[in-house]
Amino acid sequence: MTFINVIHAHSTVLLIVSFLLFSFLMPILERWKNSWCATMAVAAHVLAFVFIGNLSWRVFTEGTIHYELGGWSPPWGIEFVVDYLALFMLITISTVSFLILIFGTVDLTHELKPKVLGLYYTLYLLLVGAMMGLAVTNDFFNMFVFMEIAAISACGIISVKSDRECVEASFKYLMLSAVGTGCVLLSVALLYMIGGHLNFAFAAAAIQDVAHIYPNNILVALALFSVGFIVKAALFPLHVWLPDAPSSAPSPSSAILSGLVIKIYTVVYLKLLYKVFPIELFDLLPVFDMILILSALSIFFGSIFAIVQEDIKRMLAFSSIAQIGYVFLGIGLANSTGLTGGLLHIFNHAMMKSMLFLSAGAIIYCTGIRKIDDLKGIGLKMPVVMGAFTIGAMAMVGIPTTNGFISKLYLALGTLDANKHFYLAIILISSFLNCLYYFPIVINAFFGESEEEDGEEEIQVKKLPLRMSVPLIILGAGCMIFGIFPKYILVIIERAVEMIL
Amino acid sequence: MEDLIVRMVSRIVVPFIQVYGFYVILHGHLTPGGSFSGGAILGSSMILFALAFNLERGAKKLSHETSTIVECAGAGWFAILGLVGIYMGQNFLTNKEAGFYMGAPGDLVSSGAIVLITLGLGLKVASTVVTLFYSLIEVEGDAHD
């Protein structure tokens, strides 16, 4: 039994267990060697890259991987499944969270008290581990447990600064996500009552059999699932926690919340819609049309709210609400082009939104400015940061050669395929609205003259550390590369869509 | 709180509560209850001690640092027991096939890894309860400074 064999056979579970184990050991390490915590967190991510590399090789050569915990086969035991959809999420989560972490190792020492620094990495690893668990789980109960872990650790990384705004925001998130998980638990109970299975595959078969006897149970379960996941994913009417949370939290927390946490719930929702619920149900209840309407409202109002914001991080948070609308639009279109666009937008938005949040964090780190109006003339003083911000803004608007263009193109083609031209208009209007709030910042930053009335001195700019600039450069390059060569990620997404539909 | 009756009663009661807590934890695989209920009983005995006497004497028995470390070690213990399965060439969290001692059903030492997991998690829950108590008390203390 060699080391490589162990990785080869068990990489699915080792991926999640290594994150959990590292985060459990972090508080002990923190008492002993405080300065090693960041290194350990990075090491956990590097280890994860090894496992994910192995998983992707196996998924591409052997197909879907099933892993049975404890050797118990599915109806009784817990099962992890890595298919193309899960693999796509694993790659997105690991890459983006690794870059955010590298940025955070410098930024957090500046933003947090040294006492909580080690504990922050504990929560961060727990959150990443829980998200990866949500991507691979094939079991209602594990889904619920990972959702709880993710919710609690997300609350932790929001409230870690322990000032008034952060505590208020995290309390809001705690309450709303408790409502969300409560809805999900209730609908799991409803489905278990009639199906008698917790495993997705077995539950789906059982529900299919009894759907005509208990249609109301299934409808209520679907409604509760929808509410729960829409709260978690911050789609328009239930988005109220999102603007507060990322705007007050430390920048790496904002980046991971807006970039990854809200996305993983949309993927789980997608998985449930297609894997568990019988397809005839959607004739009875037009879920996809409802999702389309909500996503259109979300796209429109997210952008409208973002225009009036003064704080840069709050503006980015509202823009996330609009962008999560695109992902749901892809799910709601329910054809292969639209779904490809939606899934692609998960990856693209994870990159560009975390890059925008990190560059906002870098601006706050170097100058202390948070107000959008004060950013005049900052572009030439911080070329790397504002360059990254510009690429992010361009990708948000969807200018060709950036990755935002590709996903919007797929979504637009998807609306045409589905014969729903109204939503094409929504996509176009939203792009104009995005222009309206992103480009003034960029233009002001590069071409605006800073007003020096009342003998106000020049903005003091600290030098940007290497560990903060490198993640920004990598993310910016990623946005451009995946805008020009989208096929490298579409390889996975197209197979995932093929498997889902 | 300087109350002789409360102090004497809790001094007598605390060992019994702790024995009962350990009983519930160790019989987790045989009777209702287990690591969570037993751990909560065990942790509440420490809270009772710290409330009846004072925080300094309570912290002398089990400090905040120790309870944090026990908490993390308990959770880590579960993960490591799962990894034993992989080391023995089986799946994660495998019990019997990984060579844990199964014993006869109904005995105290039986059911392989389950009893070890319950023990570790019981200590984890107990120390979590104590850590939460200390955290709440200390936050209040900070506010009065």
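So, here's what we can say about the structure.

Here is what the cut-offs are and how they apply
Residues numbered from 1 in each chain as written. Chains lettered and ligands numbered in written order. Predicted model: local features only at pLDDT ≥ 70, side-chain atom pairs only at ≥ 80, totals over all residues. Heavy atoms only, no water. Helix = DSSP H or I, 4+ residues; strand = E, 2+ residues; numbered from the N terminus. Polar contact = N/O pair within 3.5 Å; in protein donor to acceptor, adjacent residues only side chain to side chain. Expected span 1.5 Å × (residues − 1). Buried < 20%, exposed > 50% of the residue type's maximum accessible area, 1.4 Å probe, protein only. Contact = heavy atoms within 4.5 Å. Buried area = accessible area lost by both parts, 1.4 Å probe. Salt bridge = Lys/Arg side-chain N within 4 Å of Asp/Glu carboxyl O. Nonpolar A, V, L, I, M, F, W, Y, C, P; charged D, E, K, R; others polar.

Here we take up the side chain of Ser45(B). In this fold, Ser45(B) is placed in helix H2 (residues 35-52). A polar atom in the side chain of Ser45(B) sits 2.6 Å from the backbone oxygen of Leu42(B).

To continue, consider helix H4 (residues 114-136) of chain A. Count 3.6 residues to each turn of an α-helix, and residues three or four apart come out pointing the same way. For H4(A), which comprises 23 residues, the first-to-last C-alpha distance of 34 Å matches the rise-based estimate of 33 Å (1.5 Å per residue) to within 8%. Counting buried positions along H4(A) yields 18 of 23 residues, so the element is predominantly enclosed.

Moving on, we come to the interface of chain A and chain B. In this complex, chain A contributes 16 residues to the contact, which on the side of chain B involves 18 residues. With both sides pooled, the region where chain A packs onto chain B buries about 1500 Å², and carbon together with sulfur makes up 74% of that total. Our count for the chain A to chain B interface comes out at one salt bridge. Put simply, Arg31(A) and Glu65(B) hold a salt bridge, and the shortest N to O gap is 2.7 Å. For the pair chain A and chain B, the interface holds five residue pairs in polar contact (both at pLDDT 80 or more). Those elements that place two or more of their residues in the side of chain A that touches chain B are helix H1 (3-32) and strand E1 (65-68) of chain A. Here the side of chain A that touches chain B takes ten residues from H1(A), the largest share from any one element. For the side of chain A that touches chain B, the residue count by class is eleven nonpolar, three polar and two charged.

Let us now look at the pattern of salt bridges. Residues and elements named next belong to chain A. Tallied over the full model, the rule gives eight salt bridges over all chains. Two residues, Lys172 and Asp244, come together in a salt bridge whose shortest N-O distance is 2.4 Å. Residue Lys172 is located in helix H6 (residues 164-195), and its partner Asp244 is located in helix H9 (residues 241-248); the two are separated by 72 residues in the primary sequence. What makes Lys172 partly exposed here is its relative accessible area of 32%.

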